[in-house]
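# Breakdown of the fold
Listed here are the chains, written in short residue letters.
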Amino acid sequence: MPPGPFPIPILGNIHQLGRMPHKSLKAFSEKYGGLTTFFLGSVPSVLVSDPTLLKELIIYKSEQIIDRYNTDSAQIIGREKNLLFAKGPFWKKYRKLFTNAMTKARTHNIASRIEQQAIALNNFFGTYAASGQPLNPHNYIRRYSLNGVIDYSFSDFVEYESESDHIVIKAAEIMEEILATGNPHDYIPFLKPFYSAKRKALGDAVGQVWTYCDDAIKLHRQTLNPEKPRDLLDCILMEWDKSDEKEFYEDESLAKCLTDLIVAGHETVAITLGWLIIFMANNQDMQEKVYEELINVVGKGNLPTLIHRNSTTYLNAVLKETMRIRTAAPLALPRCAVEDIQLGGYVIPKGTQVLMAVYGLAMDDKHWESPETFNPDRWSKESSSTDYTYIPFGLGPRMCVGMGVAKDELYYAASQMLMNFKWSSTDGKQLDDEGVARIALEYKQYNIKVENRA
Ligand code: HEM
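Here goes a summary of the coordinates provided. Keep in mind it's a predicted model, so treat the numbers as computed, not measured.

Moving on: the coordination of the iron atom of the ligand. Only one protein atom coordinates the iron atom of the ligand: Cys-400 (SG), located 2.3 Å from the metal. Topologically, Cys-400 is positioned in the loop between helix H13 (358-362) and helix H14 (403-420).

In structure tokens form, the structure reads like this:
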């Protein structure tokens, strides 16, 4: 296997990862090279941080790395009957169903549902700006990202001001809290009995979202009009009906796959928006440049939409730079070696957990000039080659299935937020931009001054 730090019994190398695992793993790569072996408890893991080796793995050995590494928590979330964690032919068939339906959703302009959510979010920010009160945007950008997914997928949403406990919000919050704080029994199996309450809470929360998705499937089937699909679920049911493998699909698994959209699409988009506000508040000159660009391209008083996206090159660069410097998923999602993999003169044995160094690659000074500096201008340089060093959505056939939806959500929200409001810190000081590592790379919650643009 590739070289790496010496593991100790039971913990492996967990004790060396500290509070910022993405940074500790980057330091491992700098010491041991582009392929580093380390142990999470008893689980052998290989981190890939060399773009050439990553390319070889994803292009030429894609089938050897197609499965996920499934922990106990992953089993609870999907029972291997979902998109996130399923394996082999099962995953391939459902992935195809979703990819086809998402393409169909594009032709039916289902993304306009997300646009309505961005308008609602910005109306809410408008009332806040008028009040002059400092705003903690955390809950509202999370509600937007959840609404983005459930409106796009099921034509459902929650009002921004609403205090009511929508079942999916509650369940998503429980799931994220349990997953974010880490589950030691995932890597140290003999601890499992001590975590039975936490495992049950996770199972109960996921079960509630399965039921919500299952109810939505039944209701959509009764009310579907193939001439006028309302949302992604309508498009999925239409793809299912015309599929050659019609008999293969069933409601129970579809509900689990739909649950994944909420699990994977909620925090990631919200975290990216949270980082965007921080970097815009900390870099007022850049924020002004985005504003000027939007005014020029969209026109004062008009609503920015996806048709403007190709022309707002600076805003696009700001979004890309935000996802480079503070990527929501610093290690993507773990893959598993399906068989022994020969790579870079080493062997990655079958069953090994394989991680992509999303953060390490994007912050490596071998590939990026001053990687710690937030610099959207780097994206305008023709020479900038980002192949395999900028991979916030992962790579290959197993890359993020929601990438298009995520980019639409980010563009709708960011363009309106930066055209309508000026964002700055409440005390004139820089906001913390280091963040805190949970399962995702999160920002520390903050208050912000939001002012209406005249
Ligand atoms: C900024 C936002 C997002 C980021 C950074 C992100 C990132 C990722 C990454 C790194 C992966 C693993 C890819 C790989 O293994 O190569 C992934 C998988 C996935 N993402 Fe996203 N994601 C985002 C938003 C979304 C949204 C909005 C949805 C749903 C609408 C979504 C649904 C999924 C699903 C279902 C998978 C599993 C795909 C599979 O295994 O086939 N993601 N995402």
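Of note, Asn-70 is situated in the loop between strand E3 (67-68) and helix H3 (72-78). Among the polar contacts made by the side chain of Asn-70, one reaches the side chain of Glu-80 at a distance of 3.0 Å. Beyond its immediate sequence surroundings of up to four residues, Asn-70 is in contact with Gln-75, Glu-80, Phe-85 and Lys-87.

Our next topic: the site of the ligand. With respect to spatial proximity, 26 residues lie near the ligand, and among them Arg-68, Trp-91, Arg-95, Arg-335 and Cys-400 are the closest. Between an oxygen atom of the ligand and a side-chain N or O atom of Trp-91, the distance comes to 2.8 Å. Here Arg-398 contributes a side-chain N or O atom positioned 2.8 Å from an oxygen atom of the ligand. Elements represented by at least two residues in the shell around the ligand include exactly helix H4 (88-107), helix H10 (251-282) and H14.

Below, the discussion takes up the pattern of salt bridges. Applying the stated criterion across every chain yields a total of 26 salt bridges. The closest approach of N and O atoms between Lys-444 and Asp-432, which form a salt bridge, is 3.2 Å. Residue Lys-444 is located in the loop between strand E10 (441-442) and strand E11 (449-452), and its partner Asp-432 is located in the loop between strand E8 (421-424) and strand E9 (436-437); the two are separated by 12 residues in the primary sequence. Accessibility expressed as a relative area gives 33% for Asp-432, which makes it partly exposed. When salt bridges that share partners are traced, they join Asp-214, Lys-218, Arg-221 and Asp-251 into one network.

Rules behind the numbers
- Going along each chain's sequence as written, the residues are numbered from 1 onward.
- It should be noted that, the model being predicted, local features are given only for residues of pLDDT at least 70 and side-chain atom pairs only at 80 or more, the latter also being counted only at that level, while totals for whole chains, interfaces and linings use all residues.
- Hydrogens and water are ignored here; the side-chain numbers use all heavy atoms of the structure.
- Donor atoms: N, O and S within 2.8 Å of the metal, or within 3.2 Å for Na, K and Ca. Because water is excluded, sites can look incomplete.
- Here a strand is any run of E in DSSP of at least two residues, a helix any run of H or I of at least four, and the numbering for each starts at the N terminus.
- The definition of a polar contact used here is a pair of N or O atoms within 3.5 Å, where within protein one atom must be able to donate a hydrogen and the other to accept one, and adjacent residues in sequence count solely through side-chain atom pairs.
- Only heavy atoms enter the contact rule, under which two residues are in contact if any of them lie within 4.5 Å.
- We call a residue near a molecule or strand as soon as one heavy atom of that residue lies within 4 Å of the molecule or strand.
- When a carboxyl oxygen of Asp or Glu lies within 4 Å of a side-chain nitrogen of Lys or Arg, that pair is called a salt bridge.
- Type-normalised accessible area, obtained with a 1.4 Å probe on protein chains alone, sets the label of each residue: buried when under 20%, exposed when over 50%, and partly exposed for intermediate values.

The quantities given are spatial measurements derived from coordinates; they are silent on function.
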